[in-house]
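Notes for the structure review
Below are the chains, spelled out letter by letter.
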Amino acid sequence: SSVLQRDLRIAQRGPSPQAPVARATAASAMAIDMAHTAYMLVCTALVQLMTPGLAFFYGGLVSDQSVLTMMMQSFVSMGVASIMWYLVVFSLCFGESWGFFGSPATFGALHNVFSSQELMKDGEAVVEGIPGLLFAAYQGMFAVITPALMTGCFADRFRFKPYLLFVA
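Scope of this entry: the structure provided in the associated data block. Throughout this document, residue positions are counted from 1 along each chain, in the order its sequence is written. At least 70 in pLDDT is required for a residue's local features to be given in this predicted model, at least 80 for side-chain atom pairs to be given and counted, and no such filter applies to totals for whole chains, interfaces and linings, which use all residues. Hydrogens and waters are ignored; side-chain quantities use all the structure's heavy atoms.

Overview of the packing of aromatic side chains
Put simply, two rings from Phe, Tyr or Trp (the six-membered ring, in Trp's case) pair if the centres are within 6.5 Å, and we call them stacked under 30 degrees between planes, edge-to-face over 60, tilted for the rest. Scanning the entire structure with this criterion turns up 12 aromatic pairs. A centroid spacing of 5.1 Å and a plane angle of 40° characterise the contact between F90 and F94, whose relative ring orientation is tilted. Of this pair, F90 and F94 are both found in helix α4 (residues 67–94), 4 residues apart, which corresponds to roughly one turn of the helix. Aromatic side chains F100 and F101 sit 5.2 Å apart centroid to centroid with 85° between the ring planes, which places their arrangement in the edge-to-face category. Just as F100 is exposed, F101 falls in that class too. Three or more aromatic residues link up through ring pairs in this structure, and these residues are W85, F90, F94, F107 and F135. A run of H or I in DSSP counts as a helix once it spans at least four residues, and a run of E counts as a strand once it spans at least two, with each numbered from the N terminus. The buried label applies to any residue whose accessible area, calculated with a 1.4 Å probe on protein chains only, is under 20% of its type's maximum; exposed applies above 50%, and partly exposed to all values in between.

Listed below in structure tokens is the structure:
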């Protein structure tokens, strides 16, 4: 009741002189910075190029009969990890907390992740200055290269189907 009376008194007085400044500060904090966005786009592309580079590197380290398998494992990890990242893993990493994991419902299938505004979680920007979709793509590139990096430790030891189950 006392809170309602206080809010009523504030509303009757009208807006404070600091209100336009507060709105301008909030608007500038929510703006997408083009320089940060361009930098993150370049970084995302460079990290994405690491997976094919790793495929060629591992292909050169194995015997001739295993080159195709090693390269296929790296490229398939790009597809499987990207699909999993899109569907649930991004939300498990950055969604509203369920203890250690995030809620799959928060950003599942990149729901509430936009290319024109920052990624918001609990009313605050996760990363300021870059679009939420770009942040998801950048983090997703690391999710893509992680299983490809692991292929080096079991080169010539895994068949393709068990590897596919391992990655998924």
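Having seen the structure, we can now continue with the description.
Quick notes on the side chain of S103
Tracing the backbone through its elements, the reader meets S103 in the loop between β2 (101–102) and α5 (104–107). Here, two residues are considered to be in contact whenever any of their heavy atoms come within 4.5 Å of each other. Dropping the residues within four chain positions of it, S103 is found in contact with S91, G95, E96 and W98.

Considering unusual backbone geometry
You will see that L110, though not glycine, has its phi angle at about 55°, which is positive. Note on placement: L110 falls in the loop between α5 and β3 (120–121). We note that D156 has phi near 65°; this positive angle belongs to a residue other than glycine. Its place among the elements puts D156 in the loop between α6 (132–150) and α7 (160–167).

Topic: the environment of Y39
Its location among the elements puts Y39 in helix α3 (residues 34–61). Once the C-alpha coordinates of Y39 and I130 are considered, the two residues, 91 residues apart in sequence, prove to be 9.6 Å apart.

Function cannot be inferred from these measures alone, as they are strictly geometric.
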